[in-house]
Amino acid sequence: MTELDRVIHEPARLTIVALLAGVEQADFLWVLNESGLTKGNLSSHLAKLEGAGYVEIEKTYRGKTPLTLLTLTPQGQSAFKQYKKSLSGLLGSVRR
Amino acid sequence: MQQPDLGDLARRPTRYWNVDGLPELMMGLLWIAWGGAWIVGQQVPHDWRWTAYWLLVPPALALGGFGANWATRRLKARVTFPRTGYVEWKAPGRGTRIGAAGIAIAAAVALAAMVLTGDARPAGTMATPIVAVILSLGFVVLSVRQHAPHYLALGGLVLALGLALGWTHGGWTSVNWMFLGLGVACALVGAVRLARFLSRHPRSVEPV
């Protein structure tokens, strides 16, 4: 049976990874608004994704405004691609 | 938390582009400039002013497209990102760039062929409805891709404008009036959406 990546499979983390997969990079505020998670929840999931090497977090400033930039790493991109492939394979085998 | 809809999440960045009404506002201003400049150009006396006008204005209008894109991004950095977050969009893929270049080259070749063969009059008569249909289809694609129903309304409006102005057989002048009308409508839609966006989203990140 196809194994699903446990780090990505958790719904909140899957939402974060799927959002970041569609952009070059985005900040914490955008992901917070789009995911509907709380600040604390988002921070803890981001820490897990950063620990797995899937997301890069850069704290910077734009002018005088603090900015936390999030980027899906190449490792994260390939893990997400692999996850989607595994998921469609799994769904295909269930349908058969 | 339920398993998320991956297709919907993949479309969010594209939808985010028009969340604030700024692209519609800039697009509207660009079309007003386009239509207005060509209409004004027809009133310029046929002496050195005519030459100077048509030497300067078309390149300026062509550059206006790039300028509008640049201005939209700058405005988003000031207005949108401090309220609802910063996004750096992915650069268009190779296929998209080649497709856009192909359409531009095909349009330029068709226009040059019409001018060189002196057969521009029939095309001029049909120009307004043809351009209206192309723009309308563009709006439909935008509406579906970005989940933005207001683009459907703009598509319907440009189609109605194109058919009505095409009825007058005004040729290329009708196209310019259509651009002007569409530009005003787009700018109004953009301004209303921008006002709503600003009232719903106060600045959430304050400078330190």
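Below you will find a few notes about this structure. All values reported here derive from a predicted model rather than from experimental measurement.

Cut-offs and rules
- Residues numbered from 1 in each chain as written.
- Chains lettered and ligands numbered in written order.
- Predicted model: local features only at pLDDT ≥ 70, side-chain atom pairs only at ≥ 80, totals over all residues.
- Heavy atoms only, no water.
- Core = buried A, V, L, I, M, F, W, Y, C linked by side-chain atoms within 4.5 Å.
- Buried < 20%, exposed > 50% of the residue type's maximum accessible area, 1.4 Å probe, protein only.
- Helix = DSSP H or I, 4+ residues; strand = E, 2+ residues; numbered from the N terminus.
- Contact = heavy atoms within 4.5 Å.
- Expected span 1.5 Å × (residues − 1).
- Arc of directions from axis to C-beta.
- Axes fitted to C-alpha atoms, helices over the stretch in contact; angles between N-to-C directions.
- Parallel < 35°, antiparallel > 145°, perpendicular 65-115°, else oblique.
- Nonpolar A, V, L, I, M, F, W, Y, C, P; charged D, E, K, R; others polar.
- Pairing = 2+ DSSP bridges.
- Left-handed = near helix turned anticlockwise from the far one by under 90°.

**Focus: the nonpolar core**
All names here are of chain A.
- Ile16, Leu20, Trp30, Val31, Leu42 and Val55 are the most contacted members of the largest nonpolar core, which totals 38 residues.
- Among the elements that line this core, the one with the most residues is helix H2 (residues 11-21), at seven residues.
- In this view, isoleucine 16 contacts Val31, Leu37, Leu42, His45, Leu46 and Leu49; residues no more than four positions away in its chain are not counted.

**Re helix H4 (residues 39-51) of chain A**
Residue and element names in this part refer to chain A.
- Between its terminal C-alpha atoms H4 stretches 18 Å, which fits the 18 Å expected from 13 residues at 1.5 Å a residue.
- Turning to H4, its buried residues are Leu42, His45, Leu46 and Leu49. Projected down its long axis, H4 carries its buried residues within an arc of 105°, all on one side. What points out from H4, more than 90 degrees from its buried face, is the exposed set Gly40 and Gly51.
- Taken together, the buried residues of H4 touch helix H1 (6-9), H2, helix H3 (28-35), strand S2 (55-62) and strand S3 (65-72).

**Topic: the packing of helix H2 (residues 22-43) of chain B against helix H3 (residues 48-79) of chain B**
Residue and element names in this part refer to chain B.
- Where H2 contacts H3, the two axes come as close as 9 Å, and the packing angle between them is 170°. Considering the angle they form, H2 stands roughly antiparallel to H3.
- Across the contact of H2 with H3, the residue classes tally to 20 nonpolar, five polar and one charged.

**Examining the environment of A:Ser44**
Residues and elements named next belong to chain A.
- Along the chain, serine 44 turns up in helix H4.
- The exposure class assigned to serine 44 is partly exposed, which follows from its relative accessible area of 33%.
- Separated by 31 residues in the primary sequence, serine 44 and arginine 13 have C-alpha atoms spaced 9.8 Å apart.

**A look at the sheet that holds strand S1 (residues 87-89) of chain B**
- Spatially, four strands are ordered S2(A)-S3(A)-S1(A)-S1(B) in an open sheet, and the strand pairing comes out antiparallel. Edge positions in the sheet fall to S2 of chain A together with S1 of chain B, since each has one partner strand and no second. Geometrically, the sheet is characterised by an average inter-axis angle of 20° between neighbouring strands, direction not taken into account.
- Summarising the sheet, strand S1 (residues 23-27) of chain A and S3(A) pair through two bridges and their orientation is antiparallel.

**Topic: the packing of helix H7 (residues 149-167) of chain B against helix H8 (residues 172-200) of chain B**
Residues and elements named next belong to chain B.
- Close contact between H7 and H8 brings their axes to 10 Å; oriented N to C, the two are set at 160°. By the criterion of interaxial angle, the relationship of H7 to H8 is roughly antiparallel. The way H7 lies across H8 gives a crossing that is right-handed. Here His150, Leu154, Leu157, Val158, Leu161, Gly162 and Leu165 of H7 lie close against H8, whose contacting residues are Ser174, Trp177, Met178, Gly181, Leu182, Ala185, Cys186, Val189 and Arg193.
- Residue composition of the contact of H7 with H8, grouped by class: 11 nonpolar, four polar and one charged.

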